[in-house]
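Structural description and commentary
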Amino acid sequence: MTLEDLGYHDELEEYRLKNGLGDFAIGRVIAEHKERYIIKNADNEFEAEITGNLRYSAQERTDYPAVGDWVAFSIFDETKGLIHAIFPRHSLLERKAVGKTSDKQIIAANIDYALIIQAVDRDFNINRLERYLTLCYTSNVRPIIVLNKIDLITAQELSEKLAQIDERVTDVPVLAISNQTRQGYDGLKSVLLNGKTYCLLGSSGVGKSTLLNTLSDSTLMQTKAISAHSDRGRHATTHRELHLLESGGILIDNPGMREVGMADFSAGISSTFDHIVALSGSCKYKNCTHTNEPGCSVRVALEKGELDFSGYENYLKMEKEKEHFEMSLVDKRKRDRAFGKLMKDYKKHYARPKD
Ligand SMILES: Nc1nc2c(ncn2[C@@H]2O[C@H](COP(=O)(O)OP(=O)(O)OP(=O)(O)O)[C@@H](O)[C@H]2O)c(=O)[nH]1
Ligand SMILES: [Mg+2]
Ligand SMILES: [Zn+2]
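What you see is a predicted model, and the numbers here were worked out from it, not measured in a lab.

Focus: the overall build of the protein
Of the regular secondary structure elements, the protein holds ten helices and 13 strands. Principal-axis analysis of the C-alpha atoms places the extent of the protein at approximately 75 × 60 × 45 Å. Here the protein holds 355 residues, and 32% of them are scored as buried. Considering only intrachain contacts with a sequence separation of at least 6, the fraction spanning at least 24 residues in the protein is 65%.

Pasting the structure below:
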């Protein structure tokens, strides 16, 4: 195994040399456990922390290493490490933290492709697919849709689902597989390229970890059967983990997502709904909301049946969330600024000058 198999490439090497990191070891973060990071390089795995300096200068979550990051580190005691620098990321998958209005959560860094996995039995949902697509487009990650557990439905049912996706989603590869029968595995393996990094996204129980295990022919990750009565609290995977497949390709397994929270989705929404954006160019009003304005081309297309109504509704819903998120960011900044001013005033009035 080489660093290149792990995804290392020329641009990273250039950065390393230009930034005086030549004396450090280079590796990739494959797991994180509460500010302790597991780093992998061609020789070994290391348990590492970040330097005090890095911690001191970190201002937000994105300044800390994430799974998928490339880092420069020093080695001690053979398998221990100290992280000195994080390499620039070519992509960062982030989502809104669950239950928080303006906080973001990092999913993984330096991802080339996301495998968006839905199980065809009860998880299948195109609105949610569109949310994942938007997440990918915003984060500079190429999406691939994977329908799993096709052993549970008939060929007829599968082709109906594929047709439904085709109605709403353009220009995204769609694969249909079964981890149980390995149907569709050849097609899947052909999209897994050596040195490229793939992030497994999807709800809990759709078979992400089973897919990783089956592809690697070993039990890398624990899996768990879904209880018949309730899906709540079953999460089999509780942390992110990066694995290198012997057949080529790097897979990052994730805990299932209960909701695909939106954060900064502006660029992503227009890519997911590019057909609506194209229509909106000929709306009468420039800031048309496509809801009740006269001369709205989107409404006209809907009335003519040229535009799928559920897709349109999903678009409006996500636009609304985006607005809401942006507002809460503005609020947060205002609060932060007010707090900053308070501290400044406090220091001015009460802090004594040093003598
Ligand atoms: N019938 C069928 N069952 C599958 C298939 N793939 C996975 N399963 C089953 O689905 C259940 C959940 O699989 P996991 O791999 O744990 O799901 P996961 O997406 O990793 O779930 P979390 O880790 O909780 O996010 C297990 O009982 C698997 O055996 C498949 O292709 N067909
Ligand atoms: Mg799992
Ligand atoms: Zn309009």
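Don't stop here, the text continues.
Some details on the domain arrangement of the protein
Domain annotation of the protein identifies domain 1 (10–86), domain 2 (92–223 + 234–253) and domain 3 (266–330). Between domain 1 and domain 3, the C-alpha centre-to-centre distance is 42 Å.

Observations regarding the nonpolar core
By size, the foremost hydrophobic cluster in this structure holds 60 residues, and its most contacted members are Val71, Ala108, Ala114, Leu115, Ile116, Cys199 and Leu200. Looking at this core element by element, the count peaks at six residues for strand 8 (residues 113–119). Two domains share this core, each providing at least three of its residues, namely domain 1 (10–86) and domain 2 (92–223 + 234–253). Among all residues touching alanine 114, those that are not within four sequence positions of it are Cys136, Val141, Pro143, Ile144, Cys199 and Leu201. Counting residues in hydrophobic clusters, the runner-up holds nine residues, among them Ile269, Leu279, Cys296 and Met318.

Regarding the site of ligand 1
Around ligand 1, a shell composed of 24 residues is seen, among which Gly207, Ser209, Thr223, Thr237 and Gly256 lie nearest. Looking at which element gives the most residues to the shell around ligand 1, the answer is helix 6 (residues 208–216), with three residues.

Digging into the environment of threonine 138
Tracing the backbone through its elements, the reader meets threonine 138 in helix 3 (residues 126–138). Each C-alpha atom, one on threonine 138 and one on phenylalanine 46, is 32 Å from the other, the two residues being 92 residues apart in sequence.

Examining the pairing of strand 3 (residues 45–50)
Because side chains alternate across strand 3, one face comprises the buried residues Phe46, Ala48 and Ile50, and the other comprises Glu45, Glu47 and Glu49, none of which is buried. Here four bridges tie strand 2 (residues 36–40) to strand 3, and the two strands are oriented antiparallel to one another. Residue pairing in the sheet places tyrosine 37 in a bridge with alanine 48 of strand 3. The hairpin formed by strand 2 and strand 3 contains four residues between the paired strands. In the sheet, strand 3 pairs with strand 5 (residues 80–86) via four bridges, with the strands oriented parallel. Pairing of isoleucine 50 across the sheet is with isoleucine 83, part of strand 5.

Thoughts on unusual backbone geometry
Even without a glycine there, the phi angle at lysine 34 is positive, about 45°. Tracing the backbone shows lysine 34 in the loop between strand 1 (25–33) and strand 2. Residue classification places lysine 34 among the exposed residues on the basis of 6 C-beta atoms within 10 Å. Backbone geometry places asparagine 110, a non-glycine residue, at a positive phi of 55°.

Some remarks on helix 3
The first and last C-alpha atoms of helix 3 sit 18 Å apart over 13 residues, in line with the 18 Å expected at 1.5 Å per residue. At the exit of helix 3 stands asparagine 140, carrying a positive phi of roughly 65°.

Brief notes about the environment of lysine 224
Within the secondary structure, lysine 224 sits in the loop between helix 6 and strand 12 (241–244). Judged by C-beta crowding, with 13 C-beta atoms within 10 Å, lysine 224 ranks as partly exposed. Along the chain, lysine 224 and serine 209 lie 15 residues apart, while their C-alpha atoms are 9.2 Å from each other.

So, helix 1 (residues 10–18)
Of all nine residues in helix 1, zero are buried; the element is thus mostly exposed. Phi for glycine 20, located one or two positions after helix 1, is positive at around 60°.

Re the pairing of strand 11 (residues 197–201)
Burial analysis of strand 11 places five of its five residues in the buried class, which makes it a mostly covered element. Judged by which residues are buried, strand 11 turns out to be covered on both faces: Thr197, Cys199 and Leu201 on one side and Tyr198 and Leu200 on the other are all buried. Two strands pair when backbone bridges link them, and strand 11 and strand 13 (residues 250–253) are joined in this way by three bridges, in the parallel orientation. Paired with tyrosine 198 across the bridge in strand 13 is leucine 251.

A closer look at the environment of glycine 184
Of note, glycine 184 is situated in the loop between strand 10 (174–176) and helix 5 (185–191). Owing to 17 C-beta atoms within 10 Å, glycine 184 belongs among the partly exposed residues under this scheme. Through-space distance from the C-alpha of glycine 184 to that of valine 146 is 9.9 Å; in sequence the pair is 38 residues apart.

What counts and what doesn't
Residues numbered from 1 in each chain as written. Chains lettered and ligands numbered in written order. Predicted model: local features only at pLDDT ≥ 70, side-chain atom pairs only at ≥ 80, totals over all residues. Helix = DSSP H or I, 4+ residues; strand = E, 2+ residues; numbered from the N terminus. Buried ≥ 20, exposed ≤ 12 C-beta atoms within 10 Å, placed from the backbone. Contact = placed C-beta atoms within 7 Å. Domains from an automatic or database assignment. Core = buried A, V, L, I, M, F, W, Y, C linked by C-beta atoms within 7 Å. Near = placed C-beta within 6 Å. Pairing = 2+ DSSP bridges. Expected span 1.5 Å × (residues − 1).

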